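Descriptive analysis of the structure
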Amino acid sequence: MTDAPRTGKEQPRSRPVKSGAEQPILPGFYPDPTVCRVGEDFYLANSSFEYFPAVPIWHSKDLLNWSQLGHALTRRTQFRDGFPWPSSGIYAPTLRHHDSRFWLVTTNISDFDSGQILVSTSDPAGPWSDPVFIPAARGIDPDLCWDGDTCFLSWRTLDPGAEHGLLQARLDTATGQLIGSPYPIWQGSGLHGPEGPHLYHIGEYWYLLLAEGGTERGHVVTAARAPHPWGPFEPCPRNPIFTHRSLGLSVQNTGHADLVQTPAGEWAAVYLGTRPRGFTPGFHVLGRETFIAGVTWEDGWPQFDEHRYDVPVPCTDFVDDFTAPELHGRWIAPYAEPETIADHVGTSGLVLPPVREGATGLLCTRVRDHEWTAEAVIEDGGLFSVRLDDRHWYGVHLENGTVRAEAQVGDLHQQLGARLVTQGELVLRIESLPPIPHPNTYGHGGPDDILLSVDDSEGRHDLARIDGRYLSTEVATGFTGRMLAIGSGATSARVRSVSYRAGIG
């Protein structure tokens, strides 16, 4: 499997520019960003939860335009247990560069007893090393920093009965052993869920950034500083230093920030946010996305300037005909390796064998826009769907000469429309459209409508139009976002191509 964008056909389009306060630098399900700089180059990583390969790695020259280099976790030997359920797997990482080497530390929440996972490489495109496990540091959101040759690991403990939530210890990076007993550091400003620590040596102080308030509407960034990495920490008198809570802005849930200095000496921060739509409480469907803000310093404290950058809207269009010898890096799989799902990649397209009992058998790619059109050209059989998790998806399913529009919402599975078709290639289509206002309601409650259709020898046939709110985090819960998925069923599927285009039509 290749992660660099060398397969498939990217479709060039004009790129409008929007304020960084509204436009993510990485739209779609790319949460928990962490960033570092080496010379003129910036590198960024995200959490990935149940999807594999895990932890996408990005490169940029300007903090605004990003290209994916690969993934940090690409082999089963890099973690002990798999990702067995939605929103399990790999949680927030920290990416750093020290002593001519890239270091990434993260958590597999599905294997809590292994503690943290530490991998490293000289080339961020990979391959990354086999893991060093840190079993004595049980918890989430690990952070790495160095004071000279001494490495400090900070993390949020989740051990029941733990007196303190945020702990720190010196770390032997070669063995994963903690040097001395863990000790508490700053526990935050008093809000719910202090987590996501990141520690920096800037000037005469060590600055500690935290995420607080939970990763929902109350999310905030807080800061403290100390003369040493271990404290004692003085909280910023203006905490929280960044938040959108209780503000009527198009981007919400802002937090989990990481600082980086540019070659010119300026500072910036990447952070996560969501873009909810629809009537109250608002529904975000793309997951938590990565945004950027400028950072200035006032009285020795960081201050966010989310309007500093004009962010180009990334071109998210693609056409993949699966003729390359390896799958494009955009394709990932829940709970499994993509190579175990795709039986063949070559001139005849992609063949997916019948799904094994207890498996999803899906290849997925992130939905990255609010309005979009996606098509899959298939024959024989197969499922083309948009999903948030195993229990929340809409799809178009070809089986035994019939195309069915199906919806799974929690425990309810329903067939919404069907059409008999002749043998041969068919186009299964999914579109995200602006919602149609309903009478006797305050507008339309949902974020969009999902239209499911099929093209056969007689033309286009719309099968179902469904309220999109049921494929939102506010309904389904969890930490991920919408994915396009191709899969088989009781019979094998042959997929000739998949295309995705931002916008309608």
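Now for the confidence of the model for the protein chain. Averaged over all residues, the pLDDT of the protein chain equals 92, while 94% of them reach at least 70. Confidence over residues 1–13 falls short of pLDDT 50; this stretch has 45 contacts with residues more than four positions distant or in other chains.

Moving on, we get to the environment of Asp448. Its location among the elements puts Asp448 in the loop between β35 (426–433) and β36 (449–456). Looking at Asp448, the relative accessible area reads 2%, which means it is buried. Sequence separation between Asp448 and His228 is 220 residues, and the spatial gap between their C-alpha atoms is 50 Å. Discounting chain neighbours no more than four positions away, the residues touching Asp448 are His370, Ser432, Leu433, Pro435, Ile466, Asp467, Gly468 and Arg482. One polar contact links Asp448 to Arg482, side chain to side chain, over a distance of 2.8 Å.

It is possible for side chains bearing opposite charge to pair when their charged atoms get close. Within this structure, the stated rule accounts for 27 salt bridges. A salt bridge links Asp449 to Arg465; the nearest nitrogen and oxygen atoms lie 2.9 Å apart. A residue pair is termed long-range when its members are at least 10 positions apart, and Asp449 in strand β36 and Arg465 in strand β37 (residues 459–467) qualify at 16 residues. A residue is classified by how much of its surface remains accessible, and Asp449, at 5% relative accessible area, is buried. Classification of Arg465 as partly exposed rests on a relative accessible area of 39%. Taken together, the shared-partner salt bridges in this structure form one network comprising Glu379, Glu425, Arg494 and Arg496.

This brings us to the sheet that holds strand β34 (residues 412–420). The pairing of strands in a sheet comes from backbone hydrogen bonds and takes either a parallel or an antiparallel form. Taken together, the six strands give an open sheet; going across it, the order is β29-β38-β31-β32-β33-β34, and neighbouring strands pair in antiparallel fashion. Pairing within the sheet leaves two strands with one partner each, and these edge strands are β29 (362–366) and β34. Averaged over all neighbouring strand pairs, the angle between strand axes comes to 20 degrees, with direction disregarded. Across eight bridges, strand β32 (residues 392–399) lies against strand β33 (residues 402–409) in antiparallel orientation.

This brings us to the side chain of Ser114. In this fold, Ser114 is placed in the loop between β8 (101–107) and β9 (116–121). On the accessibility criterion, Ser114 (4% relative accessible area) is buried. Here Asp111 takes part through its side chain, which lies 2.3 Å from a polar atom of the side chain of Ser114. Among residues more than four places away in sequence, those in contact with Ser114 are Arg80, Phe133, Ile134 and Pro135.

Attention shifts here to the packing of aromatic side chains. Counted under the stated rule, the structure contains 22 aromatic pairs. Aromatic pair Phe49 and Tyr91: ring centres 4.9 Å apart, planes at 55 degrees, arrangement tilted. A residue pair is termed long-range when its members are at least 10 positions apart, and Phe49 in the loop between β3 (41–45) and β4 (51–52) and Tyr91 in the loop between β6 (67–73) and β7 (94–98) qualify at 42 residues. Neither Phe49 nor Tyr91 differs from the other in exposure class; each is buried. What links up through ring pairs into an aromatic cluster is the set Phe29, Phe49, Tyr51, Tyr91 and Phe479. Above the plane of the ring of Tyr205 lies Arg225, whose end atom (NZ or CZ) is 4.3 Å from the centre. Positioned over the ring face of Phe318 is Arg330, at 4.0 Å from the centre of the ring.

Definitions and cut-offs
- Residues numbered from 1 in each chain as written.
- Predicted model: local features only at pLDDT ≥ 70, side-chain atom pairs only at ≥ 80, totals over all residues.
- Heavy atoms only, no water.
- pLDDT = per-residue confidence, 0-100.
- Contact = heavy atoms within 4.5 Å.
- Helix = DSSP H or I, 4+ residues; strand = E, 2+ residues; numbered from the N terminus.
- Buried < 20%, exposed > 50% of the residue type's maximum accessible area, 1.4 Å probe, protein only.
- Polar contact = N/O pair within 3.5 Å; in protein donor to acceptor, adjacent residues only side chain to side chain.
- Salt bridge = Lys/Arg side-chain N within 4 Å of Asp/Glu carboxyl O.
- Pairing = 2+ DSSP bridges.
- Axes fitted to C-alpha atoms, helices over the stretch in contact; angles between N-to-C directions.
- Phe/Tyr/Trp six-rings, centres within 6.5 Å; stacked < 30°, edge-to-face > 60°.
- Lys NZ or Arg CZ within 6 Å of the ring centre and 35° of its normal.

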